[in-house]
Amino acid sequence: MEQRVGDLVFCQFIIANKDMEPELVCMDSSGRANGLGVFGAGGFLFKVSVGLVRRLLAPQSDIIKDLEKLFPFELVVGMNGRVWVKAASVQQTLVIANLLESSENMTAQQRHALFRRVAQGAL
């Protein structure tokens, strides 16, 4: 697939050194794309803290499990703090993005209460 300026690319650095040009790859060590490459027309890209990134990338992330109960969505989380999300509609996409950003400083109980209100259509 051809890349253009402005495309969102999920990739890995193989060279990242201040004295050299960075080199990116969109294939894993087996030569397969495995989810890497240019992705998703549409969706919403935003920035979160590295702390939230770690919580989202945890193997059994409570935040993601709770979000999955609300709407089906696609999520890409980068170690650089960039998060891309896409749901069935623009409204659902923005709700998911806002919930992710809001959940950063919430306790689990506060998050459950907020997600419950969203599921009931109160927000």
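Basis of the calculations
- Residues numbered from 1 in each chain as written.
- Predicted model: local features only at pLDDT ≥ 70, side-chain atom pairs only at ≥ 80, totals over all residues.
- Heavy atoms only, no water.
- Buried < 20%, exposed > 50% of the residue type's maximum accessible area, 1.4 Å probe, protein only.
- Helix = DSSP H or I, 4+ residues; strand = E, 2+ residues; numbered from the N terminus.
- Arc of directions from axis to C-beta.
- Contact = heavy atoms within 4.5 Å.
- Core = buried A, V, L, I, M, F, W, Y, C linked by side-chain atoms within 4.5 Å.
- Salt bridge = Lys/Arg side-chain N within 4 Å of Asp/Glu carboxyl O.

Visitor: Please provide a residue-by-residue account of helix α1 (residues 50-57), values included.
Guide: Among all positions in α1, only Leu52, Val53 and Leu56 are buried. Along the long axis of α1, the arc covered by the buried residues comes to 105°, so they all point the same way. Tucked inside the fold, the buried residues of α1 contact α2 (62-68), β6 (73-77), β7 (82-87) and α3 (90-103).

Visitor: Could you give an account of the nonpolar core, with specific residues and numbers?
Guide: Counting 22 residues, the largest nonpolar core has Leu56, Leu67 and Leu100 as the members making the most contacts within it. If you list the elements that add at least two residues to this core, you get α1, α2, β6, β7, α3 and α4 (108-119). Ignoring anything within four residues of it in the chain, the contact list for Leu100 reads Phe46, Leu52, Leu56, Ile63, Leu67, Leu75 and Val83.

Visitor: Talk me through the pattern of salt bridges; I want residue IDs and the actual numbers.
Guide: Evaluated as defined, the whole model comprises two salt bridges. The salt bridge involving Asp66 is made with Arg111; its shortest N-O contact spans 3.2 Å. Pair noted here: Asp66 is in helix α2 and Arg111 is in helix α4, with a separation of 45 residues, a long-range link. Taken individually, Asp66 and Arg111 each receive the classification buried, so the pair is uniform in this respect. What emerges from the salt-bridge pattern is a single network uniting Asp66, Lys69 and Arg111.

Just distances and angles here, no functional claims.
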